[in-house]
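Survey of secondary and tertiary structure
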Amino acid sequence: MTQDINALIEQQLSWRYATKRFDPTKTISTKDWHSLEESLRLAPSSFGLQPWKFIVVKNPEIRTQLQPLSWNQPQLVEASHLVVIAAKKEVTHADVEGFLASISETRGVPVAALQDYGGMMKGFLDALAQQGTCEHWATRQAYLALGMLLSTAALLKIDACPLEGINPVGYDEVLGLNQSGYSTKVACALGYRSSQDASASYAKVRQTRAQVMLDL
Ligand SMILES: Cc1cc2nc3c(=O)[nH]c(=O)nc-3n(C[C@H](O)[C@H](O)[C@H](O)COP(=O)(O)O)c2cc1C
């Protein structure tokens, strides 16, 4: 009999933890990695504008270079995979035009029929630009993608550690992002926990339902 899906989800959400030590001998399969990439690519974003890039750092030398820019955390070099999530610094009317063209092509709708939607997005982005908060907005979208990645990994029984203990300016330099219009926000190491990782057995410290849920 198949396991109840709700029980399975809750079991895996409890199983996941921010992995401190990965087993460097274990590699995520191509099939699983594809699903993890899809969790990023298919992540929701405000208006669907997807103001992000996901940099999969495969080169071990680059990962070694990033380690001192990451509090020397061992996950940088021990995990099977490392993804850096970058957000777009400025999202412009040109981005909206490109997005409308993409909707038009994908859904077979004339661009002219999308002008109201386009105007709404442009107005929203203009307000962000005026407040100087466009990059903050893009960063929030980037973190949503991180959440999707972490949940998907847990369901696939793949370990992960979100990494905010990083120097984003240094990352941008090493990853060659300086002229790209994108900047590093957060990273995530993925792979399989080491049997030596004591933190795997730590009890979860979480607020109770009564503390965080408000029933109205
Ligand atoms: C955005 C974000 C950044 C984090 N950065 C780090 C990090 O740099 N290094 C680390 O070991 N853990 C990091 N963590 C893990 C958290 O400390 C961890 O999720 C939290 O203590 C709850 O524990 P758990 O995830 O093991 O249940 C980060 C978590 C999040 C969500």
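These figures come from a predicted structure and were not determined experimentally.

A few words now on the overall build of the protein. Across its full length, the protein carries nine helices and four strands. The linear arrangement of helices and strands in the protein, starting from the amino end, is α-α-β-α-α-β-α-α-α-β-α-β-α. Seen along its three principal axes, the alpha-carbon backbone of the protein occupies a region of about 60 × 45 × 35 Å. For the protein, buried positions account for 30% of its 216 residues. The long-range share in the protein, meaning contacts at least 24 apart out of those at least 6 apart in sequence, stands at 82%.

Turning to the sheet that holds strand 3 (residues 159-163), a few remarks are in order. Pairing within the open sheet is antiparallel, and its four strands lie in the order 1-2-4-3. Two strands lie at the open edges of the sheet, namely strand 1 (52-56) and strand 3, each paired on one side alone. Recorded for the sheet is a direction-independent mean angle of 25° between the axes of neighbouring strands. Bridge count between strand 3 and strand 4 (residues 182-191): five bridges; the pairing is antiparallel. Note on strand 4: the bridge partner recorded for Leu 163 is Ala 187. Running at roughly 155° to strand 2 (residues 81-88), helix 7 (residues 134-155) makes contact with strand 1, strand 2, strand 3 and strand 4 of the sheet.

Here we come to the packing of helix 2 (residues 30-41) against helix 7. Where helix 2 meets helix 7, the axes come as close as 8 Å, and the angle between the chain directions of the two elements is 150°. It follows from the interaxial angle that helix 2 and helix 7 lie roughly antiparallel. As helix 2 runs across helix 7, the sense of the crossing is right-handed. Together, Ser 35, Leu 36, Ser 39 and Leu 40 of helix 2 and Ala 145, Met 148, Leu 149, Thr 152 and Ala 153 of helix 7 make up the contact between the two elements. Of the residues in the contact of helix 2 with helix 7, the class split is six nonpolar, three polar and no charged.

So, how was this worked out
- Residues numbered from 1 in each chain as written.
- Predicted model: local features only at pLDDT ≥ 70, side-chain atom pairs only at ≥ 80, totals over all residues.
- Helix = DSSP H or I, 4+ residues; strand = E, 2+ residues; numbered from the N terminus.
- Buried ≥ 20, exposed ≤ 12 C-beta atoms within 10 Å, placed from the backbone.
- Contact = placed C-beta atoms within 7 Å.
- Pairing = 2+ DSSP bridges.
- Axes fitted to C-alpha atoms, helices over the stretch in contact; angles between N-to-C directions.
- Parallel < 35°, antiparallel > 145°, perpendicular 65-115°, else oblique.
- Left-handed = near helix turned anticlockwise from the far one by under 90°.
- Nonpolar A, V, L, I, M, F, W, Y, C, P; charged D, E, K, R; others polar.

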